[in-house]
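Residue-level listing of the chains:
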Amino acid sequence: MRSATPQRVAAPLRIDRALGPFFVSATASKARVVTVLGTTQTLAWGSSYYLPAILAAPIAEDLGLSRAMVFGVFSGSLLLTALLGPAAGRAIDQRGGRDVLAISNLIFILGLLIMAFANGLPLLILSWFIIGIAMAMGLYDAAFATLAGLYGKDARNSITGITLIAGFASTVGWPLSALMEAEWGWRGACLGWVALHLFICLPLNRLLIPKAPPPPPKVAVPPLSAEETREQKRDMILLAFVLATASFSSTALGAHLPGLLQSAGTSLAAAIAAGALMGPAQVAARVVEFTIMRKMNPLFSARFAAGAHPLAVVVLMALGAPFAALFVIIHGAGNGLLTITRGTLPLALFGPIGYGQRQGFITAPARASQAFAPLLFGLLLDDFGAASLWFTALLGVAAVGALMLMRVRQ
């Protein structure tokens, strides 16, 4: 009997030691990790996705190119990001996010350095090619996969926390790029972003993000039935469609919002004032998700978010220009929630195992739709004016329908 007692005590202790790294990483310094990733995401978005809005014109003028050509090169980099997303996610699944994010900072630095010294179209293309690689490894999907690797299914609130901070990426990135361009020229602005990646993002990502814990000991898990496997594949396709439609609408409106509101009858001043409400609406919706909706089924948040844009379109088209601000607020709130859904819904539907690679596949159509949205919606806007919104509204309704076919399983 005496020899049996230590055995009964030792067994759970061995299990605790095996699982220890996972539980320590899941509970220690979440606030620090969220703050670090929120900060580095803000600067990563500002130095890539939001860069052409400020620097495209001076780059085009200096290199003797059209603005359309500069934006075309940028669109090509977004397509490359879509193609590389699954590989980047798989690397995070295998190695953890700390090293991948740090390497992305080095690649951002290389791309921005080449851009700063570009003397023509070939080097500009090369710079955006390299930045496209960095975006695949260093934007939201990589950060979400990092959190899934650290905290498993408990990563939902941390994902929301990152989006709360990085929701101000355009608010920070656009003025900062404009300030650096005004002081140092567009080449100096690129070098300024290089310095921010080198002295802020790289050390934060490498030194303050925990190393990914080893996976917990394998336990016998019953294999999925053929029907469950089919349901998972179906849900992946449906979710990819939802995110692609949402990305198309949000990118299209982000590129054309002032002109769109003017075509609906608002003045330029009113359109700019209404458009300024987009950022606060997005952040306010994320605060609601972080507080009131944090315990709700993430499918509810996703359905609410996808339905917000069609509702906003009905408000604007039925009530007219005086309600442009309300249109922006509703659309912005839905867009803010959809950014969170992009990270939390795959986690709830499929779990944290293989999250990064799966996320890469699911979000690839969304990244591709972002590349084409400004051009395609601009053509619609030229031909149909504000009535073009009915197209994005139909996409939103289809997205809600797709989400209604999905359910979160244990």
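Residues numbered from 1 in each chain as written. Predicted model: local features only at pLDDT ≥ 70, side-chain atom pairs only at ≥ 80, totals over all residues. Heavy atoms only, no water.

Asker: Just checking my understanding: could you explain helix 16 (residues 389–404) for this structure?
Answerer: Counting along an α-helix, one turn takes 3.6 residues, and residues three or four places apart therefore face a common direction. Helix length check: helix 16 (16 residues) gives 23 Å between terminal C-alpha atoms against 22 Å at 1.5 Å per residue, within 8%. Looking only at helix 16, the buried set comprises Leu-389, Thr-392, Ala-393, Leu-395, Gly-396, Ala-399, Ala-402 and Leu-403. (Helix = DSSP H or I, 4+ residues; strand = E, 2+ residues; numbered from the N terminus. Expected span 1.5 Å × (residues − 1). Buried < 20%, exposed > 50% of the residue type's maximum accessible area, 1.4 Å probe, protein only.)

Asker: How should helix 14 (residues 324–350) be read in this particular structure?
Answerer: The terminal C-alpha atoms of helix 14 lie 38 Å apart, and with 27 residues this matches the ideal 39 Å at 1.5 Å per residue to within 8%. In the stretch just after helix 14, Gly-351 is the one whose phi turns positive, near 85°.

Asker: I'm lost on the nonpolar core in this one. Help?
Answerer: In a soluble, globular protein the nonpolar side chains are often hidden away together inside. Ranked by size, the top nonpolar core spans 63 residues in total, and within it Ile-59, Met-115, Trp-128 and Leu-147 carry the most contacts. In contact with Leu-147, not counting residues within four places along its chain, are Val-33, Leu-37, Gly-152, Ala-155, Ser-158, Ile-159 and Ile-162. Leu-253, Ala-274, Leu-316 and Ile-330 belong to the second largest nonpolar core, which has 25 residues in total. (Core = buried A, V, L, I, M, F, W, Y, C linked by side-chain atoms within 4.5 Å. Contact = heavy atoms within 4.5 Å.)

Asker: Before we go on, may I ask you to explain the side chain of Thr-392 in this structure?
Answerer: Looking at the secondary structure, you find Thr-392 in helix 16. Among all residues touching Thr-392, those that are not within four sequence positions of it are Phe-248, Ser-249, His-309 and Phe-377.

Asker: Explain the pattern of salt bridges to me, please; I cannot follow it from the model alone.
Answerer: Two side chains with opposite charge may pair up if their charged atoms get near one another. With the rule as written, the count across this model stands at eight salt bridges. Taking the shortest distance from any N to any O, the salt bridge between Arg-342 and Asp-141 comes out at 3.0 Å. Linking Arg-342 in helix 14 with Asp-141 in helix 7 (residues 140–151), this pair joins segments that are 201 residues apart in sequence. Judged by relative accessible area, Arg-342 falls into the buried class, the value being 12%. Arg-234 is the partner of Asp-235 in a salt bridge, and the nearest nitrogen-oxygen pair spans 3.1 Å. Under the relative-accessibility criterion, Asp-235 is labelled buried at 0%. (Salt bridge = Lys/Arg side-chain N within 4 Å of Asp/Glu carboxyl O.)

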